[in-house]
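In case you want the letters, here they are:
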Amino acid sequence: TRINGVKVAGGRESIQKLVERYHVDQIILAIATASKKDKQEILHICTATGCKLKTVPALYEILEGTADPHKVRDVNISDLLGRDEIRLDVEKISGYLQNRTILVTGGGGSIGSELCRQIALFHPRRLVVLDIYENNAYDLQNELHRKFPKLDMDVVIGSVRDKGRLRNVFSAYRPDVVFHAAAHKHVPLMELSPGEAVKNNVFGTLNVAQICDEFQVKRMVLISTDKAVNPTSIMGATKRICELIMQFYSRHSKTGFVAVRFGNVLGSSGSVIPLFMRQIEEGGPVTVTDPNIVRFFMTIPEAARLVIQAGGMAKGGEIFVLDMGQPVKIVDLARNLIRLAGLRPDKDIQIQYTGLRPGEKLYEELLLDCEGGCKKTSHELIYIGNPIPFDEDTFLLKLESLRKVAGVDNPRMMKLVHDLVPTYSGHAEKTDLLAMAK
C-alpha cells in the first residue's frame, strides 16, 4: 500500500526492525480513532525502541474541543494505562446538576478541581468551591472563568472542620448537591499525625453530613478510597468511618448520602507519578518501595466523570465501587516513565527499592469480604457494594467518644478507631509516632 506515494513499510509487528533499519528518532502515533487496547499495545512496542514518542489527540478530545486536532503531543503515562473513553448517561447527570447549585468541598484539590471542571459542562445554576488552601482555589477560579465565562461560580475559603463556617456557607448558597472531596489523603504523613487524619476526615465528613441534613440538601457524594477496605493505615480507617457516616445518615435523613470508592488517580498532587518524573529529571534513582507492590490506577478525568455518574444513580446509602481495570505494578510504571523520557531503566536511570512505608499495603482491594459480590448498575464501570449492618446506637456513642480524644489522647483514639473499624489492622501501639520520634 502507498499513501501519497509513500510506501507503507509494515504493521506494528515491524516497528522494532524499521527503527533499526531507518535509524528512527521519533515515532508518532497518528490514529485518533484507535481503541485504548490497540493504542496501548502499539505504544508498549514503541517504548521498547527508545525513540521519542508523540501522539495525535484522541477523537473524543477533538470532539470535546479540549485538543487541537492539528497538534501532536508527547505520549504520557495515561496513554499507556488509560482505557477507552468513558460513556456517560448525560440525561441522568443533567437531571441533578443542570440549573442546580453544586458545592464541592476540597474543590481546589486534584479530584475536587476536576469535579468542578466536569460539573461546569452541565450548566449548573451556580458552582461553589470550598477549600482551605487559597492558592489552588484561586488558580481554579481563574481557569474556570477563562474556560466557562458564563459560569456563575464563587470560591469560598473555609475548613470542613469548622461547623459554624459550613453553616454560614450553606445558609448563603443553599446547595442542592454536595461533592465532599476535602480530606487528608497521604498515608505515610497521616501515620505520623493520626489525630489530624481523624479530625479532618472523620469529623470534617460528619460536619458536612450534619449540615447537609440540616439544610435538606438533595444529595451528598463522599469521595472514598480503596484504602478503606481492610485498612492498614489510619487514613484508610478514617475513610471507612466516613463511609459508615454516609450509611448512617442515609437512614435518618431526606438527603441522599452515598460514597464512591476508587483507587489511585494518575498524576494527582503528591502521587507517585510526579515524584518519579522529578526523580528522572534529577538523574535518578527512581525509588520504589517494593518490587511486588501493585496499585489500581485511573486518570483524574475518568474518576471525576464516574463519580458524577454514580451521583446521578444514587438513591441513598450506596457505596459505589468503580471498576479500576487491571492492577499495575509500580515498578512497571517507573520503567515506562523512564522509557517515555527517552532513557533506559536500570542503565541510564537506576531503580532503588526502599521498603514498604508505615501503613502501606502490597496491594489494595475494592471490596470488603463481607460486602460480597457487587451489584451491577446501568453503567458497566460502576458497581454497588452490599452495605454491612452495624449497631447505630453504639456507632454514635463511639463517634462522640472519638471526637473527645481525637488528637489529645492518641492511644485511646486509636483503640476507638479499631473498635469502629474491626477490619483495621494498623497497630494500636503505633499511636504517637511524633512523640516517639521526639
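Residues numbered from 1 in each chain as written. Predicted model: local features only at pLDDT ≥ 70, side-chain atom pairs only at ≥ 80, totals over all residues. Heavy atoms only, no water.

Asker: Pulling in residues and values, what's your account of the packing of helix H10 (residues 194-214) against helix H11 (residues 234-250)?
Answerer: Closest axis-to-axis distance for the H10/H11 pair is 9 Å, and the angle between their directions is 15°. On the basis of their axis angle, the class for H10 and H11 is roughly parallel. As for how H10 packs across H11, the hand of that crossing is right-handed. When H10 is examined against H11, the residues Pro194, Ala197, Val198, Asn201, Val202, Thr205, Leu206, Ala209, Gln210 and Asp213 are found in contact with a partner set consisting of Ile234, Met235, Thr238, Ile241, Cys242, Ile245, Met246 and Tyr249. Class assignment of the residues belonging to the contact of H10 with H11 gives a composition of 13 nonpolar, 4 polar and 1 charged. (Axes fitted to C-alpha atoms, helices over the stretch in contact; angles between N-to-C directions. Helix = DSSP H or I, 4+ residues; strand = E, 2+ residues; numbered from the N terminus. Parallel < 35°, antiparallel > 145°, perpendicular 65-115°, else oblique. Left-handed = near helix turned anticlockwise from the far one by under 90°. Contact = heavy atoms within 4.5 Å. Nonpolar A, V, L, I, M, F, W, Y, C, P; charged D, E, K, R; others polar.)

Asker: Could you give an account of the sheet that holds strand E5 (residues 73-74), with specific residues and numbers?
Answerer: With mixed pairing, the 3 strands of this open sheet are ordered in space as E3-E4-E5. The open sheet is flanked by strand E3 (26-29) and E5, the only strands paired with a single partner. When strand E4 (residues 52-55) meets E5, the two strands line up antiparallel, connected through 2 bridges. The residue of E5 that forms the bridge with Lys54 is Asp74. (Pairing = 2+ DSSP bridges.)

Asker: I'd like a rundown of the confidence of the model for the chain, residues and numbers included.
Answerer: Put simply, the chain has an average pLDDT of 87, and 89% of its residues get 70 or more. Contacts from residues 433-438, a stretch scored under 50 in pLDDT, to residues over four places away or in other chains number 3 contacts. (pLDDT = per-residue confidence, 0-100.)

Asker: Kindly report on a nonpolar patch on the surface, identifying the contributing residues and their values.
Answerer: Nonpolar side chains collect at one region of the surface, where Leu356, Leu362 and Tyr363 lie side by side and expose about 280 Å² of accessible area between them. Relative to the helices and strands, Tyr363 resides in the loop between strand E18 (351-353) and strand E19 (375-376). (Patch = residues over 30% accessible without salt bridge, like charges linked within 9 Å, V, L, I, M, F, W, Y side chains within 5 Å. Areas by Shrake-Rupley, 256 points an atom, 1.4 Å probe, with all protein chains shown as cover. Salt bridge = Lys/Arg side-chain N within 4 Å of Asp/Glu carboxyl O.)

Asker: Let's hear about the pairing of E3: which residues, and what values?
Answerer: Side-chain alternation along E3 places Ile27 and Leu29 on a buried face and Gln26 and Ile28 on a face that remains uncovered. Sheet topology places E3 next to E4; 4 bridges connect them, and they run parallel. Pairing of Ile27 across the sheet is with Leu53, part of E4. Traced from E3 through helix H2 (residues 36-47) to E4, the parallel crossover comes out right-handed. (Buried < 20%, exposed > 50% of the residue type's maximum accessible area, 1.4 Å probe, protein only. Right-handed = clockwise from strand over helix to strand, strands pointing away.)

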